[in-house]
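Structural characterization, general
Spelled out from the first residue to the last, the chains are:
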Amino acid sequence: MLRFIFKIIVIFSIFQLQALSEDYKNILINGNERISDETILIFSEIPPKKFLDESSLNSILKKLYNSGFFNDVVVKIINNNLIIDVIENPIIQTVFIEGIKSKKLEKKINEVLSLKDRSSFNINKVKKDEISIINLLKESGYYFSTLTSSIENLKKNKVNLTYNITLGKKAKISKISFVGDKKFKDRQLRNVIISEEYKIWKFVSGKKFLNENIVNYDKRLLANYYRNNGYYKVNIESSFANYLGNDEFELIYNIASGKKYFFNDLNLKLPLDYNVKNFDSLNLMFNKLKGKKYSLNSIEEILNEIDKIVLNEEFEFLKSNVSELIEDNLINLTFNIEESEKFYVEKINIFGNNITQDEVIRNQLYVDEGDAFNELLHKKSINKIKSLNIFGTVDSEVISGSSDGVKIINITIDEKPTGEISAGAGVGTNGGSVSFGVKENNFLGRGITFGSDLTLSEEAIRGVFSLNNPNYKGSNKSLNISAESTVTDRLKNFGYKSNKSGFSIASNFEYYDDLYLSTGLSTYVEKLETDSSASANIKKQKGSYFDTHFNYTFNYDKRNQRFKTTDGYKSIFTQKIPLLGESYTITNTFNHKMYTEWLSENVATFGFYASATNSLSGKNVKLSDRLFIPSSKLRGFASGKAGPKDGLDHVGGNYLVTFNAATTLPQIFPNLQNADFSLFFDAANIWGLDYDSTLGQDNRLRSSIGMSVDIFTPIGPLNFSFTEVISKDSKDTTETFRFNLGTSF
């Protein structure tokens, strides 16, 4: 009985649907002036069947409305004719942006608009564009802007669309706070993020204004910083701005760091037919990392090593992923390497680079057109493009090619502003200085960095122009050209003045894993002037000099991270070999610094520095080539006032050696959020004076011990060092404390 009733219902439904459907033979389109019948048929997507029910008619109606070209649409069937009546939206003759003086900001607004000149007017799109403009203005710091739109009707179904904008004042960041289980002091976290607090003298920096994009970037920087310090499950729970009135906000980051995690077992899983010995270097890395705190940088090192093996062994079709297993605070990682789909790259398309030249992007690719597609190398290529730091976003997709076995790679980039203006000032026990700089990171769209810097201090003025191409002609070698001029005026106190100008050209590249080699030539012209108050030996050096040197540097960098290093070491050897000159001075310098973490949070550093300068021709080394103990390597002694002395002036030496040991002390006053303490021991010696051996015979060790305090102040970072001198020479000038205060504009 139930089956019979069900059949009756089905048959009735079929007849009912047929009754609601109507047949048509012809299609009639009315009201269109600019838009052709063919275009309307494409928009409507009328099904091929010759009968349409109410649902099909509604679908046609919706699709025509969604096209955005019509103000009104009627779809009906009369006398076997499918009739489509349309009223077209007017055409926008001109879109006006009122109230914006900045051409750069106006250009950004035009880029986010969906309605442009000669496009079809649509009131819904106007509302969406208003939201896009407001969001863009907020991203630029204009949180108090208002917007209205108006329409001017013209003849021939045309309109002018005007957006009237009142920018208001930019939203200022008056205070930055870090709350929650943050583990680190505020001073350290401020050094991680880009946003900074507004100060009245900061007339150059744009980071003092509230910017949503920068805040989101800050959150990523904070998360990476915590994960590199072992806090694997850190969560930047929220970042929000609290309005304080008077156009000012408090920017608050709420951090849940969680517990610290450590690497446990790290394993490698390979396809059965792969030789495990090819990956022996990975097993060595795994053994070294076991028991150490979790770090994103360590994961990156492993992935880079996998990339090197892939390149060296010519494995073509590979992909990798990492699986994790967490046991309490221990992380087990398995790196799975497996074969991927086998296909070749037919073409690589690059979109969005209106300024940047194609070759700048293509020079970063490890996979080229015609190559076998390798997922590992493709990901590395995209990361390398991102590392140029001249694009806001970099996206890629792999789509089917013209035939089986080939694919097309589409890379879409979003260019961002790459110019920078910086200004700063500093004052301390060694005097004060002011600096100003201009930098462009994508000069002429070639990925070249151009910079100019000017520094003024009490005794010197120094100006530098530089150009750096990080990947010259796709060679994976950088090319750097710089020109500089320095004037040092010590006539008043020591009777001499020097003017040194010249240029240098150098190239740098990775010679071996983590070993970088830099080679270059430098040429300088120098003039030394003296007056009657200068010492007799300095008067002898009066005159003009022309010197050309060949320079090379080996830089072996095994630090776990460049920012806030906690483990590893860095060794640098530099030699400056004379080619032309008066005294043919050769200078050798070695600088080694190692880092180690102890008591969980304390970081200890040990440094050794040695340098020697001598004349190959047996002449005296001129004053500007002499060695002085760097003030950062011997605290407790006035800068440049330790070592051989000629009259009242310290003139440096031919030989120099220093040793430094220091450790951070986070346990001291842990609740002082804006202060960090460290303990240090410095020792140094400088000796040798070729133009007068009686003055340079002193071979006495200088040493000191003390405490250093770094404080974040409303003006800028302040460093205090309190020092007790252990040993010195009678000619040395000592100091009990030293401070340096800096700020940026």
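Before going into details, it helps to say that this report is about the structure given with it.

**Examining empty space enclosed by the protein**
What the rule picks out here adds up to three cavities of 30 Å³ or more. Taken as a whole, the largest cavity holds about 50 Å³ of empty space. Along the lines of polarity and charge, the residues of the lining of the largest cavity split into six nonpolar, three polar and two charged.

**Remarks on the packing of helix 2 (residues 37–44) against helix 3 (residues 54–66)**
It is the contact of helix 2 with helix 3, at a shortest axis distance of 8 Å, that shows an interaxial angle of 115°. Here Ile40, Phe43 and Ser44 of helix 2 lie close against helix 3, whose contacting residues are Ile60, Lys63 and Leu64. Of the residues in the contact of helix 2 with helix 3, the class split is four nonpolar, one polar and one charged.

**A closer look at the pattern of salt bridges**
Evaluated as defined, the whole model comprises 29 salt bridges. Of the charged contacts in the structure, one is a salt bridge between Arg187 and Asp676, with a shortest N-O distance of 2.8 Å. Of the two residues, Arg187 sits in helix 6 (residues 186–190) while Asp676 sits in strand 32 (residues 675–687), which places them 489 residues apart along the sequence. Exposure remark for Arg187: the relative accessible area of 14% places this residue in the buried category. Here the salt bridges do not stand alone but share partners, grouping Glu526, Asp547, Lys576, Lys622 and Asp625 into one network.

**Re the environment of Glu458**
Among the structural elements, Glu458 can be located in the loop between strand 20 (448–457) and strand 21 (460–469). Considering only alpha carbons, one finds Glu458 and Arg490, 32 residues apart in sequence, at a separation of 9.6 Å. Here Glu458 is in contact with Gly431 and Gly432, once residues within four sequence places are set aside.

**Notes on helix 11 (residues 375–386)**
For helix 11, which comprises twelve residues, the first-to-last C-alpha distance of 17 Å matches the rise-based estimate of 16 Å (1.5 Å per residue) to within 8%. Where helix 11 is concerned, the buried positions are Leu376, Leu377, His378, Lys380, Ser381, Ile382 and Ile385. Backbone nitrogen of Leu377 and a side-chain oxygen of the N-cap are separated by 3.2 Å at the start of helix 11; the cap is Asn374.

**A few points about the pairing of strand 7 (residues 146–154)**
Two strands pair when backbone bridges link them, and strand 7 and strand 8 (residues 158–166) are joined in this way by nine bridges, in the antiparallel orientation. Directly across from Ser150, in strand 8, lies its bridge partner Thr162.

**Points about the packing of aromatic side chains**
The geometry of an aromatic ring pair is captured by the separation of the ring centres together with the interplanar angle, meaning the angle of the planes. Enumeration according to the criterion identifies 27 aromatic pairs in this entry. Considering the side-chain rings of Tyr552 and Phe573, the 6.2 Å spacing of their centres and the 55° angle between planes classify their relative orientation as tilted. Taken as a pair, Tyr552 in strand 25 (residues 543–557) and Phe573 in strand 26 (residues 568–580) lie far apart in primary sequence, 21 residues in all. The exposure class of Phe573 is partly exposed, given its relative accessible area of 28%. Taken together, a centroid distance of 5.8 Å and an interplanar angle of 15° make the contact between Phe720 and Phe722 stacked. Judged by relative accessible area, which is 25%, Phe720 ranks as partly exposed.

**A few points about helix 7 (residues 212–228)**
The terminal C-alpha atoms of helix 7 lie 24 Å apart, and with 17 residues this matches the ideal 24 Å at 1.5 Å per residue to within 8%. In this structure Asn211 caps helix 7, since a side-chain oxygen of it lies 2.9 Å from the backbone nitrogen of Asn213. The first or second residue beyond helix 7 is Gly230, which carries a positive phi of 100°.

Cut-offs used in this document
Residues numbered from 1 in each chain as written. Predicted model: local features only at pLDDT ≥ 70, side-chain atom pairs only at ≥ 80, totals over all residues. Heavy atoms only, no water. 1 Å grid on protein atoms, 1.4 Å probe; cavity = no way out; pocket = protein on both sides within 12 Å on 5 of 7 lines; lining within 4 Å. Points joined across faces, edges and corners; volume = space filled by probe spheres on them. Nonpolar A, V, L, I, M, F, W, Y, C, P; charged D, E, K, R; others polar. Axes fitted to C-alpha atoms, helices over the stretch in contact; angles between N-to-C directions. Helix = DSSP H or I, 4+ residues; strand = E, 2+ residues; numbered from the N terminus. Contact = heavy atoms within 4.5 Å. Salt bridge = Lys/Arg side-chain N within 4 Å of Asp/Glu carboxyl O. Buried < 20%, exposed > 50% of the residue type's maximum accessible area, 1.4 Å probe, protein only. Expected span 1.5 Å × (residues − 1). Polar contact = N/O pair within 3.5 Å; in protein donor to acceptor, adjacent residues only side chain to side chain. Pairing = 2+ DSSP bridges. Phe/Tyr/Trp six-rings, centres within 6.5 Å; stacked < 30°, edge-to-face > 60°.

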